[in-house]
Amino acid sequence: MSFASWSIRSPIPSILLFILLSLAGLRGLQQLSIQSLPDLDLPSVIVKLNQPGAAPAQLETEVARKVEDSIATLSGLKHIRTSITDGLVQINVEFILEKKLSDALIETKDAVDRVRSDLPSSVLQPSISAVTVGGAPILTYAIASTKLDEEALSWQVDDNVSKVMLGVAGVGRFERLGGVQREIQLEVDPVRLASLGVTATDVSRALKQAQQESSGGRGNVGLAEQSVRTLATVRQASELAALPVPIANGGEVRLEQIATVRDTVAERTQLAALDGKPLIGFNIYRAKGFDETRIANDVEQALARMREADPSSSFTLISGSVAYSQEQYEGSMMMLYEGALLAVLVVWWFLRDWRATLVSASALPLSILPTFAVMHWLGFSMNMLTMLALAIVVGILVDDAIVEIENIARHVRMGKGIRQAAAEAVDEIALAVIATTLTLVVVFMPTALMSGVSGLFFRQFGWTAVVAVLASLLVARLLTPMLAAYLLTEGHHPASVDGRLMPIYLQAVQWTLRHRQATILLSTLFFMGACLLLPLIPAGFVPSADRGYTTVQFELPPGSSINDAGRVAEAARTVLQPLAGVEHIFTAVGSSQIVGGGVTRPGEQRKGALTLTLSERGQRPHQAQIEQAVRAVLREVPGARFSIGIGGPGEKMSLILSGDNAAALKASAQALERDLRNMGSLSSISSTASLERPEIAIRPDWQRAAELGVTAELIGETVRIATSGDFDAQLAKLNLDNRQLAIRVRIADAARQDLQVLANLRVRAGDRLVPLSSVAELSLASGSAQVDRYDRRRYVMVNAELGGMSLGEALAAAKTLPAVVNMPSSVKLIRTGDAEIMAELASSFGMAMLTGLLCVFCVLVLLFKDFFQPLTILSAIPLSMGGAFVALLLTGGELNIPSMIGLIMLMGIVTKNSILLVEYALLAMREHGLTRHEALLDACHKRARPIVMTTVAMIAGMLPIALGWGADASFRQPMAVAVIGGLISSTLLSLLVVPVVFTYVDGARQSLVKPFFGSVSKGE
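Calculation criteria
Residues numbered from 1 in each chain as written. Predicted model: local features only at pLDDT ≥ 70, side-chain atom pairs only at ≥ 80, totals over all residues. Heavy atoms only, no water. Helix = DSSP H or I, 4+ residues; strand = E, 2+ residues; numbered from the N terminus. Buried < 20%, exposed > 50% of the residue type's maximum accessible area, 1.4 Å probe, protein only. Contact = heavy atoms within 4.5 Å. Areas by Shrake-Rupley, 256 points an atom, 1.4 Å probe, with all protein chains shown as cover. pLDDT = per-residue confidence, 0-100. Pairing = 2+ DSSP bridges. Axes fitted to C-alpha atoms, helices over the stretch in contact; angles between N-to-C directions. Lys, Arg positive; Asp, Glu negative; His and termini not counted. Salt bridge = Lys/Arg side-chain N within 4 Å of Asp/Glu carboxyl O. Polar contact = N/O pair within 3.5 Å; in protein donor to acceptor, adjacent residues only side chain to side chain. Expected span 1.5 Å × (residues − 1). Parallel < 35°, antiparallel > 145°, perpendicular 65-115°, else oblique. Bend = angle between axes of the 7 residues up to and from the residue. Disulfide = S-S within 2.5 Å. Phe/Tyr/Trp six-rings, centres within 6.5 Å; stacked < 30°, edge-to-face > 60°. Left-handed = near helix turned anticlockwise from the far one by under 90°. Patch = residues over 30% accessible without salt bridge, like charges linked within 9 Å, V, L, I, M, F, W, Y side chains within 5 Å. Core = buried A, V, L, I, M, F, W, Y, C linked by side-chain atoms within 4.5 Å.

A. Expanded view of the overall build of the protein. Counting its secondary structure elements, the protein contains 34 helices and 35 strands. The buried share of the protein, reckoned over its 1020 residues, is 55%. For the protein, contacts bridging at least 24 residues in sequence account for 80% of all contacts bridging at least 6. In the structure as shown, the protein presents an accessible area of about 42900 Å², 58% of it carried by carbon and sulfur atoms.

In C-alpha cells form, the structure reads like this:
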C-alpha cells in the first residue's frame, strides 16, 4: 500500500502531521532574522602591530614582511592584505569559507607569536581579533542637546550613548562622528625652555613621574591594618601651574614659568554636518548573523528611553540600510502572496472547480510553512536570496497537486468513484511526481553545496529551494490525495475537457512525427541561433540596486588639513543639494573608512564622505540616474577626487597591480588610470597609489652628533614631543570623577608653522642643551604616506565606477588596453573585488549546472530503470536555454547572478514537463499495449493539459517579479525574465520536439537491445 492510499484510509495522522509542521513554520517565521543579503564576508582575522614613530617603509621591512611570511604557512588561507601607515601595520588575513573562524583566530595568533622575537623590541603587543562586524553601518543618527556644548555632548556620546547602544543585542560596533575630545594642553615656550636649560621632553617626563598615583605597602596604625597609597595627582587643571619641574643644574622651575596651562579640547580630527549645519552623529554597525530590523527597533526603543531620561537631548535618524532591508522583505512577501494568488487563479481557470482549486492551493502554505521551520533550524535569514528561492518555487509547489488533481478528474470521468479514482490516479502518477520532485532537488542541491563566495551567496538559496520542493512532495503524496478523496465530488467533471486548441495541437504532433528530421533540424537551428545571441548579452555580477541613499566619498591631496576637507565637503554639498531627488546630505570628514571584509581603516583628516538621502522612490528618478547627475555636477568642485556608491556588489571594477618594483608599479598604475579614462564609459577612476605627502626631513650630522653624544632616537623623541606631544600611553593624566584627561606638552601651533623655530629646538647633549640645527639638517621634502601589500607583494588598486556598463564588458575592455598589454614583467595584474567574485561564481555556476545535469540523469535512470529515455527528457533543456537568452536580450538584461539562478531553475522545470510526457508514453506502451506512435499521441493528449496548466501557473507566479512591481526588484527581475522566456520556449517546443526525440531514442534502444534480449516494446 502506497503513502497516498494509506493517507486516504487513515487521514488523521496526515492532518496532525501538517498541523504540527505549520505551527513549527509559524514559530520559525517569527524567529527568522531579516537582512538584505546573507553575510558575504569570508572568515577574516585582523592583526595590528604598533611601533610608535616608525615610518611605513621601515615597518614594511622590519615588521610586515616577517609577519606575512609566518601567516602565509597557514592552511585554508585565501588572501593577505596589508596596510602600513605611520607606526601601524594592519594585516587582514582572509580564509576560505570552510575554515572555522575560531580555528583561524588561534592559528593566526600562533603564527604571529612564532616571529614575535624577531620583531623590533619597540613593537607593542600585537592585537589579533576576528572580524565579526558587517562592513557598512546600518544606522546613522545625529544627536543634539539644548544644554550641553560640543565637548560635553561629545563626552556624553562616548560615555553614555555608546554604553547603551553596545548593550543592544546585535550591535557589533559604535562609532562617533564629529565632535571633539577634551584634554589638558601645556603649551611650552621654546625661548624660555632654552634659557632655563629644559626641553619639552623633560617637562613631559617630569610631569608623568610626578602626576601619578601608586599603591604598595601595609600599615598597622591603631592595631588595624591599612593599605598604603601614594597620591600625587592634582584635582583640577589650574593646580598644574604651580607644579615644580626639575632642571639640569639641580634646580627647579614652576610650570607656569615655562608653559601656559589650558583646559581645552584636542586637535579636531572629525567634522560632521547635516545639510550644512554642524552636529555630532554616530554610526551603529551590525554584528554578523543578527536581524537588522530588530536591531533598529531595539535601538529606537533605547533612544526613546534616553529621551525620557534627558528631555534636552534629541536623536534624529540620518540614514541606514535597515529601511531598504525592511522594504525588500515586505516587497518579497508581497510578491510571494501575489504569485501564489495568480497561480491559484490559473488553476481555477483551468479546472473551473472551487473544490479542486482549494485542494491544489493548499499545497502552497503547507509547503512553505515547514520551510520556515527548517530555515530557522539551519540559522538562515529572510534575505533577498531565500525570499527569491521561495518566490521561484511558488509555481512549482502547486505543480504536483495540479497533476494529481487533473489525473484524478480524468479517472472520475472514466466512471470511477471519487475515492477509487483518487487512489488509482495518484498511484498511476506516483513515478512522475517523485521523478519531477527529485529532479528539482538534484538541480538545486549543487548550488547549496558551492564553496567560497559562491557558497556564501547560494547556500541559503539552494537549501531553501530544496526543502520547499521536498515539502511539496510530502504534501502531494500525503495530503493532496486525502483532501481530493474527501472534498472532491463526482458530479463536477465533464466527460471531455478538450478545448479548441487540443485537435490543432494533436495535428501538429502528428506532423512532427511524420517529419522527424525537419523537426530536429528546426529545433537545432533555434538553439544554435539563441547561442549566437549569447555574446550579445553582457556579462554582469549583481544588478545595481535602488537603495534610497548613496554615498560620495572624497579625498584631498596629502598634507591637506581638516579645514580644507571641510571646505571641499561644503562646496560639494552646495552643488548636490539642488539635485532632483536629493532630500538630505550628511557630511562626515575624518571618519573611519570601509576597506572590505568588515575591516575599517582609521580615518584621515583629508578624507570624508557625503551620504545622500533620496526621496521616496515614486517621487524621484532612479538612483542610477541621480548618481549620473551627481558625477556631472561634481566636476565643478576642484581640489579633490570623488567616488560614488555605497560599496555594494556590482558597483565598481577593481583591478590590482602587484609587484615589488615600486617605480614600475606606480608607472603602470598611472598608465592604466589614463587608459581607463580614455575608454569614456567608466567614471570616477582612481587608484590607491600612495601620493607623496609633504614632510619635514631631519637628517642628523653623524659626526657632530657623535661628538656631542646625541643619538638619532633622542632627536626624534625631542622633535615629536615638542610638536605633537608624547605617545598617549606615556602622557600624564588628570583624574576626574568619571574619566581621565590626557595632559599633553607641546609647543604652540604658531611655533610649528616656522621652520626656524623647529631648527632652534634644544636637544640634550650630556649636561647641556644644543640647538637641533647644530646636530641635524632640516629641509622640506616628500615621502610615501602609506604602503599597501597584497599576498606579500606591494600593490596598487585601480577602481572605476561602472556607471551602467556591465562588469564583464568593463573587464574585457580593460584587458585590451595598452597599459595592460605592455605591462612590465615585474608587475602582475590581479582581478579582485567584484571581478574576482564574478569569475569564481561563473566557474561555480558552470560546475553546478554540469553536476545538476549529471544528477538529473542519474535520478532518471534509477527511477525509469533505463539509460536511454532520460536522454529524451533532457532534450528539452537546450530549448529552454534558447528562450531564456532571447528574453534577456529583448529586455536588455545581463547574464548575471539572478539570471544564472533562472537558468539553473529552468533545468529542473523543463524536465518536469518532459517527464510527464515520457512517463505516460512508456506506461501506455508497457501496460496498455499501444504502439510507440499511439502511445505518444495518447501521452500528448492526456498530459498536454497539465503541462500547460503548470507552465501557466509558474509564469503567473513569476509575472509580478518580472514586471518589477512593489519594492526595488532589480535583483529578482532578471531571474524572472529568464525563467519566463525559457518556460515559454521550452513548453511550446518540447510538446512538439520531445515526442520526436522519443522515437529516435526508443529506436536506438531497440536496435541496441534487441540483438541481445529480443524486443521489449512494440514498434510502430
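B. Fine view of the confidence of the model for the protein. Across the protein, the average pLDDT comes to 78, with 90% of residues at or above 70. In this model, residues 492-496 is a region of pLDDT below 50 whose contacts with residues beyond four sequence positions or in other chains number eight contacts. Segment residues 1015-1020 is flagged for pLDDT under 50; beyond a separation of four residues in sequence, or across chains, it makes 18 contacts in the model.

C. Geometry of the sheet that holds strand E16 (residues 280-286). An order of E7-E16-E6-E17 is seen for the four strands of this open sheet, with the pairing classed as antiparallel. Two strands lie at the open edges of the sheet, namely strand E7 (171-177) and strand E17 (313-319), each paired on one side alone. Strand-to-strand, the axes of this sheet are offset by a mean angle of 25°, without reference to chain direction. In the packing of helix H5 (residues 150-166) onto the sheet, contacts are made with strand E6 (139-145), E7, E16 and E17, and the angle to E7 comes to roughly 175°. The strands touched by helix H9 (residues 292-309) are E6, E7, E16 and E17; relative to E6, the strand with the most contacts, the crossing angle is about 5°.

D. Main features of the side chain of Glu175. As for its placement among the helices and strands, Glu175 is situated in strand E7. Lacking a salt bridge, the buried Glu175 has Arg173 as its closest oppositely charged neighbour, with an N-O distance of 4.4 Å. Side chain to side chain, Glu175 and Tyr285 meet in a polar contact 2.9 Å long.

E. Local environment of H5. The end-to-end C-alpha distance of H5 is 22 Å, a good match for the 24 Å that 17 residues give at a rise of 1.5 Å each. The set of residues buried in H5 consists of Glu151, Leu153, Ser154, Trp155, Gln156, Val157, Val161, Ser162 and Met165.

F. Spatial organisation of the packing of helix H7 (residues 200-210) against helix H24 (residues 712-724). Two elements in contact, H7 and H24, have axes separated by 8 Å at closest approach and are oriented at 75°. In this view, H7 runs roughly perpendicular relative to H24, as classed from their interaxial angle. Contact with H7, carried on its side by Ala200, Thr201, Ser204 and Arg205, involves Glu717, Thr718, Arg720, Ile721 and Ala722 of H24 and no other residues of that element.

G. Spatial organisation of helix H16 (residues 418-448). Within H16, the axis deviates most sharply at Ala430, by approximately 50°. Burial within H16 is extensive, with 22 of its 31 residues counted as buried.

H. Layout of the sheet that holds strand E14 (residues 271-274). The antiparallel open sheet is built from six strands, whose spatial order is E15-E14-E20-E23-E19-E24. Every interior strand has two partners, whereas the edge strands, strand E15 (277-278) and strand E24 (641-644), have only one. Two elements, E14 and strand E20 (residues 582-589), share four bridges in a ladder whose sense is antiparallel. Note that in E20 the partner of Leu274 across the bridge is Phe586. On top of the sheet, helix H20 (residues 562-576) reaches E14, strand E19 (549-555), E20, strand E23 (607-614) and E24; it is set at about 170° to E20, its chief contact.

I. The arrangement of the state of the cysteines in detail. Overall, the coordinates contain zero disulfides when judged by the stated rule. Here Cys858 is not cross-linked by a disulfide; its sulfur's nearest cysteine counterpart is in Cys855, at 6.3 Å.

J. Region of interest: the packing of aromatic side chains. Taken as a whole and judged by the stated rule, the model has six aromatic pairs. Residues Tyr141 and Phe282 carry aromatic rings whose centres are separated by 5.6 Å and whose planes lie at 20° to one another, so their mutual orientation is stacked. Highlighted residues: Tyr141 in strand E6 and Phe282 in strand E16, separated in sequence by 141 residues. According to the relative accessible area criterion, Tyr141 is buried, its value standing at 3%. Residues Phe554 and Phe642 carry aromatic rings whose centres are separated by 6.3 Å and whose planes lie at 50° to one another, so their mutual orientation is tilted. On the criterion of sequence distance, the pair formed by Phe554 in strand E19 and Phe642 in strand E24 is long-range, its members being 88 residues apart. In this structure, Phe554 and Phe642 share a single accessibility class: buried. Aromatic rings pair up to connect Tyr141, Phe174, Phe282 and Phe315 into one cluster.

K. Summary view of the packing of H5 against H9. The interhelical angle for the contact between H5 and H9, taken along N-to-C directions, is 145°, at an axis separation of 10 Å. When the axes of H5 and H9 are compared, the crossing they make is right-handed. Of the residues in H9, those touching H5 at Asn160, Val161, Val164 and Met165 are Val299, Ala302, Leu303 and Met306.

L. Local environment of the pairing of strand E8 (residues 182-188). When you tally the buried positions in E8, you get six out of seven residues, the bulk of the element. Sheet topology places E8 next to strand E13 (residues 259-265); seven bridges connect them, and they run antiparallel. Bridge pairing in E13 places Arg182 opposite Val265. Across five bridges, E8 lies against strand E29 (residues 740-747) in parallel orientation. Among the inter-strand pairings, Leu186 is bridged to a residue of E29, identified as Val745.

M. Expanded view of a nonpolar patch on the surface. There is a patch of nonpolar side chains on the surface, built from Ile15, Leu16, Ile19, Leu20, Leu23 and Leu26 and spanning about 550 Å² of accessible area. With respect to the helices and strands, the residue Leu23 is situated in helix H2 (residues 11-31).

N. Structural detail: the pattern of salt bridges. Applying the stated criterion across every chain yields a total of 21 salt bridges. Here Glu150 makes a salt bridge to Arg268, at a shortest N to O gap of 3.0 Å. Residue Glu150 is located in helix H5, and its partner Arg268 is located in the loop between E13 and E14; the two are separated by 118 residues in the primary sequence. A salt bridge links Asp159 to Lys163, with the shortest nitrogen-to-oxygen separation between them at 3.1 Å. Of this pair, Asp159 and Lys163 both sit in helix H5, four residues apart, which is roughly one turn of the helix. A single network of salt bridges, built from pairs that share partners, joins Glu60, Arg65, Glu68, Arg789 and Arg794.

O. Main features of the nonpolar core. Among the nonpolar cores identified, the biggest contains 96 residues, and Ile392, Phe458 and Ile901 are the most heavily contacted of them. No other element matches the 20 residues that helix H32 (residues 897-927) contributes to this core. Excluding its chain neighbours within four sequence positions, the residues that come into contact with Ile392 are Phe444, Phe461, Ile901, Met905, Met958 and Met975. Residues Ala705, Ala732, Ile743 and Val745 belong to the second largest nonpolar core, which totals 43 residues.

P. Focus on the side chain of Arg286. Within the secondary structure, Arg286 is located in strand E16. On the basis of relative accessible area, Arg286 is assigned to the buried category, the value being 8%. A polar contact of 3.4 Å, which involves the side chain of Arg286, links it to the backbone oxygen of Phe290.

Q. Fine view of the environment of Asn383. Considering the arrangement of structural elements, one finds Asn383 in the loop between strand E18 (381-382) and helix H13 (384-392). Residue Asn383 is classed as buried on the basis of its relative accessible area, which comes to 2%. With 348 residues separating them along the chain, Asn383 and Gln35 place their C-alpha atoms 4.9 Å apart. Among all residues touching Asn383, those that are not within four sequence positions of it are Gln35, Ser36, Leu37, Pro38 and Gln460.

R. Inspection of the environment of Gln90 at higher detail. For Gln90, the location among the structural elements is in strand E4 (residues 88-95). As a C-alpha pair, Gln90 and Leu49 span 41 residues in sequence and 6.6 Å in three-dimensional space.

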